[in-house]
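# Observations on chain architecture
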Amino acid sequence: MHRLGGGMTGNADWMNPYAPTREGRPVLLVDRNYSRCGACGKDALPTQERHDDVIGYRPGPGCGVRWTHIKASCVGPGIDARLREMRPDLTLIPSEVRHER
């Protein structure tokens with residue numbers, strides 16, 4: 001689950017789900033097609049223990065943070081279970097699922 005191609009730009013968190021997190025924890029952010037480092041906001045391989053490599057259109061060295069948490073950047077049925085299965089070594093930050101009635 002990683003993205004090939006250039007990154008998104010933008011400063012506001014609501015505009016860019018991959019912006020560095022304000023949670024104060026090294027978080028691996030995972031979407032259906034993307035994985036990003038929550039510390040620096042750049043593309044990452046979700047299988048690495050730390051952000052060693054930036055992948056995609058502009059590859060290079062990562063920021064080196066060791067992830068301790070994982071979080072979905074999207075919501076959907078079973079997303080949290082898939083993240084637990086993908087990275088059981090990381091603490092899951094549950095998705096915020098809102099049900100309309």
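Please read all numbers here as calculations on a predicted model, not as lab measurements. Numbers given for residues are sequential positions, taken from 1 along each chain in its written order. Confidence filtering applies because this is a predicted model: local features only for residues at pLDDT of at least 70, side-chain atom pairs given and counted only at 80 or more, and all residues used for totals across whole chains, interfaces and linings. The basis for the side-chain values is all heavy atoms of the structure; hydrogens and waters are excluded.

### A look at the nonpolar core
Among buried residues, those of type Ala, Val, Leu, Ile, Met, Phe, Trp, Tyr and Cys that are joined through side-chain atoms within 4.5 Å constitute a nonpolar core. When accessible area is computed with a 1.4 Å probe and restricted to protein chains, residues below 20% of their type maximum are described as buried, those above 50% as exposed, and intermediate ones as partly exposed. Core analysis: the largest hydrophobic core is formed by 13 residues, its most contacted members being Leu28, Val30, Trp67, Ile70, Leu83 and Leu90. When checking whether two residues touch, look at their non-hydrogen atoms; a contact exists if any pair is within 4.5 Å. Residues in contact with Leu90, not counting those within four places in the same chain, are Leu28, Trp67, Thr68, His69 and Ile70.

### Some details on the pattern of salt bridges
By definition, a salt bridge exists where a carboxyl oxygen of Asp or Glu is found within 4 Å of a side-chain nitrogen of Lys or Arg. Tallied over the full model, the rule gives four salt bridges. For Asp89, the salt bridge is made with Arg87, and the minimal N-O distance between the two is 2.8 Å. According to the relative accessible area criterion, Arg87 is buried, its value standing at 6%.

### Regarding helix α1 (residues 79-86)
Strands are runs of DSSP state E lasting at least two residues, helices are runs of H or I lasting at least four, and both sets are numbered from the N terminus onward. Taken together, the buried positions of α1 are occupied by Ile79, Asp80 and Leu83. One side of α1 holds all its buried residues, which, seen down the axis, span an arc of 100°. Exposed residues on α1 whose side chains face more than 90 degrees from its buried face are Arg82 and Glu85. In this fold, the buried residues of α1 make contact with β1 (27-30), β5 (69-72) and β6 (91-93). For this quantity, the arc is that covered by the directions from the helix axis to the C-beta atoms.

### Section: the environment of Arg32
Relative to the helices and strands, Arg32 resides in the loop between β1 and β2 (35-37). Note: C-alpha distance between Arg32 and Ala72 (40 residues apart in sequence) is 8.7 Å.

### Some words on the pairing of β1
Across the two faces of β1 the burial is the same, with Val27 and Leu29 and Leu28 and Val30 all buried. Sheet analysis places β1 next to β5, joined by four bridges and oriented parallel. Within the sheet, the bridge partner assigned to Leu29 lies in β5 and is Lys71. Any two strands are treated as partners once DSSP identifies two or more bridges connecting them. Bridge analysis of β1 against β2 gives three bridges, and the strand direction is antiparallel. Looking at the pairing, Val30 lines up with Ser35 of β2. Taking the residues between adjacent antiparallel strands as the criterion, β1 and β2 are bridged by four residues.

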